[in-house]
Amino acid sequence: MLYIVSTPIGNLKDMTFRAVETLKTVSLIAAEDTRHTKILLDHYGITTTTTSYYDQNERVKSQHILSLLKDGKDVALVSDAGTPGISDPGFVLVRLAQENGIPVCVVPGACAAVAALSASGLPSHAFIFEGFLPVKSAARRKKLETFKEESRTLIFYESPYRILKTLEDIVDVLENPTIVCAREITKKFEEIKKGPAQDLLKHFTAHPPKGEFVLLLSTGRSSNA
Ligand code: SAM
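Residues numbered from 1 in each chain as written. Predicted model: local features only at pLDDT ≥ 70, side-chain atom pairs only at ≥ 80, totals over all residues. Heavy atoms only, no water.

Is there a simple way to explain unusual backbone geometry in this structure?
Backbone geometry follows two general trends: most residues other than glycine have a negative phi, and most peptide bonds adopt the trans configuration. The backbone of Glu 175 shows a phi angle near 55°, a positive value even though the residue is not glycine. With respect to the helices and strands, Glu 175 occurs in the loop between α7 (163-173) and β8 (178-183). (Helix = DSSP H or I, 4+ residues; strand = E, 2+ residues; numbered from the N terminus.)

So what exactly am I meant to see when it comes to the domain arrangement of the protein here?
You'll often see interface size given as the accessible area lost when the parts meet. Taken domain by domain, the protein comprises domain 1 (2-107) and domain 2 (112-218). Taken together, the 6 residues of domain 1 in the interface contact 10 residues of domain 2. The largest share of the area that domain 1 buries against domain 2 comes from Ile 9, Ile 86 and Ser 87, three residues that together contribute 75% of it. Summed over the shared surface of domain 1 and domain 2, the number is 0 salt bridges. The tally of links from domain 1 across to domain 2 stands at 1 residue pair in polar contact (both at pLDDT 80 or more). Its residues assigned to classes, the side of domain 1 that touches domain 2 comprises 2 nonpolar, 3 polar and 1 charged. (Domains from an automatic or database assignment. Contact = heavy atoms within 4.5 Å. Buried area = accessible area lost by both parts, 1.4 Å probe. Salt bridge = Lys/Arg side-chain N within 4 Å of Asp/Glu carboxyl O. Polar contact = N/O pair within 3.5 Å; in protein donor to acceptor, adjacent residues only side chain to side chain. Nonpolar A, V, L, I, M, F, W, Y, C, P; charged D, E, K, R; others polar.)

Before we go on, may I ask you to explain the nonpolar core in this structure?
It is characteristic of soluble globular proteins that their nonpolar side chains tend to be buried jointly. Counting 21 residues, the largest nonpolar core has Leu 144, Phe 147, Phe 156, Ile 170, Leu 174, Ile 179 and Leu 217 as the members making the most contacts within it. At the level of elements, β7 (153-158), α7, β8, α8 (197-206) and β10 (213-218) are the ones that each hand at least two residues to this core. Per-element tally for this core: the top contributor is α7, with 5 residues. Beyond its immediate chain neighbours, meaning those up to four positions away, Phe 156 contacts Glu 130, Gly 131, Leu 133, Leu 144, Phe 147, Phe 213, Val 214, Leu 215 and Leu 217. Counting 17 residues, the second-largest nonpolar core is a separate cluster that includes Ala 30, Ile 65, Leu 68 and Val 75. (Core = buried A, V, L, I, M, F, W, Y, C linked by side-chain atoms within 4.5 Å. Buried < 20%, exposed > 50% of the residue type's maximum accessible area, 1.4 Å probe, protein only.)

Quick question: what am I supposed to make of the layout of surface pockets here?
Vacant regions in the atomic arrangement are exposed by a probe of water-molecule size rolled over the atoms. The volume enclosed by the largest pocket comes to roughly 660 Å³. If you go around the largest pocket, you meet 33 residues; those closest to its centre are Ile 9, Asp 80, Ala 81, Gly 82 and Glu 212. Residue contributions to the lining of the largest pocket peak at 4 residues, all from helix α2 (residues 34-43). Taken together, the residues of the lining of the largest pocket sort by class into 16 nonpolar, 9 polar and 8 charged. Split by domain, the residues of the lining of the largest pocket number at least three in each of domain 1 (2-107) and domain 2 (112-218). (1 Å grid on protein atoms, 1.4 Å probe; cavity = no way out; pocket = protein on both sides within 12 Å on 5 of 7 lines; lining within 4 Å. Points joined across faces, edges and corners; volume = space filled by probe spheres on them.)

When you look at the side chain of Thr 153 in this model, what are you seeing that I'm missing?
Relative to the helices and strands, Thr 153 resides in strand β7. A relative accessible area of 1% means that Thr 153 is categorised as buried. Among the polar contacts made by the side chain of Thr 153, one reaches the main-chain carbonyl oxygen of Pro 123 at a distance of 2.5 Å. Excluding residues that lie within four positions of it along the chain, Thr 153 makes contacts with Leu 117, Leu 122, Pro 123, Ala 126, Phe 127, Ile 128, Leu 217 and Ser 218.

Would you explain the sheet that holds β7 in this entry?
Note on sheets: strands pair through backbone hydrogen bonds, and any given pair is parallel or antiparallel. In space, the 5 strands of this open sheet follow the order β6-β7-β10-β8-β9, with mixed pairing throughout. Of all strands in the sheet, those with a lone pairing partner are β6 (127-132) and β9 (191-196), marking the two edges. For this sheet, the mean angle separating the axes of adjacent strands, direction not counted, is 15°. Where β8 meets β10, 6 bridges bridge the pair, whose relative direction is antiparallel. Bridging from a neighbouring strand, Ile 179 pairs with Leu 217 of β10. (Pairing = 2+ DSSP bridges. Axes fitted to C-alpha atoms, helices over the stretch in contact; angles between N-to-C directions.)

Please clarify how the sheet that holds strand β4 (residues 75-78) should be interpreted in this entry.
What the 5 strands build is an open sheet, ordered β3-β2-β4-β1-β5; its pairing is parallel. Whereas interior strands pair on both sides, the edge strands pair on one side only; in this sheet they are β3 (50-52) and β5 (104-107). For this sheet, the mean angle separating the axes of adjacent strands, direction not counted, is 25°. By the bridge criterion, 4 bridges tie strand β1 (residues 2-5) to β5 in an arrangement that is parallel. Paired with Ile 4 across the bridge in β5 is Val 106. Along the sheet, helix α1 (residues 17-25) contacts β1, β2 (28-31), β4 and β5; its crossing angle with β5, the most-contacted strand, is approximately 135°. On top of the sheet, α2 reaches β2, β3 and β4; it is set at about 150° to β3, its chief contact.

This is the structure:
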């Protein structure tokens, strides 16, 4: 069995009982960064062996993990934070397991996009999760252009180093929509700020953005707005 196990996005207490039990009982944990995951494993007294599984070795490592699964071993996949496969490595291994008749079992839990959406107060009946926007402004603006007529709530992950530039592009291309910046969710400095994109741009210009961010916006075209 291949287990896809969600881990916390900041607060170590956001680990499910089943996630702890699964990580304790599998033969191997494939982790994006084994040193990072060790902090979580130590916290819960989990002594299972880990191996690295990250973007650059995903294809080669998937074959190795597949051979273990074929030998009847149980393997769990975790990422640095949240749900594997969501802007994180994972889907290559899941697809390979499926193609080889290995059962895949999900142990769900934290995901920054869903946590932010549920606390955003934006229409949540339908949404688009876009992951990270392009780093270069021209490509980012082009991508934002495609959302001009979008009625569903949009969710992006963004680095604190690019927030200001991205907000500038959003103000410009999407005509100052209502935006939510969900920062450091579940952590000490958690902050959820909502308002016209222009206002949030002013706020973060005065208070330089720090930590991890989810940006959510609604163009106001939703019938549920
Ligand atoms: N797999 C993860 C998930 O399920 O949410 C996402 C991994 S992605 C590489 C990391 C990005 O998720 C960060 O750059 C940030 O945009 C967002 N993120 C992760 N943890 C967060 C948190 N505690 N608060 C706000 N955003 C977070």
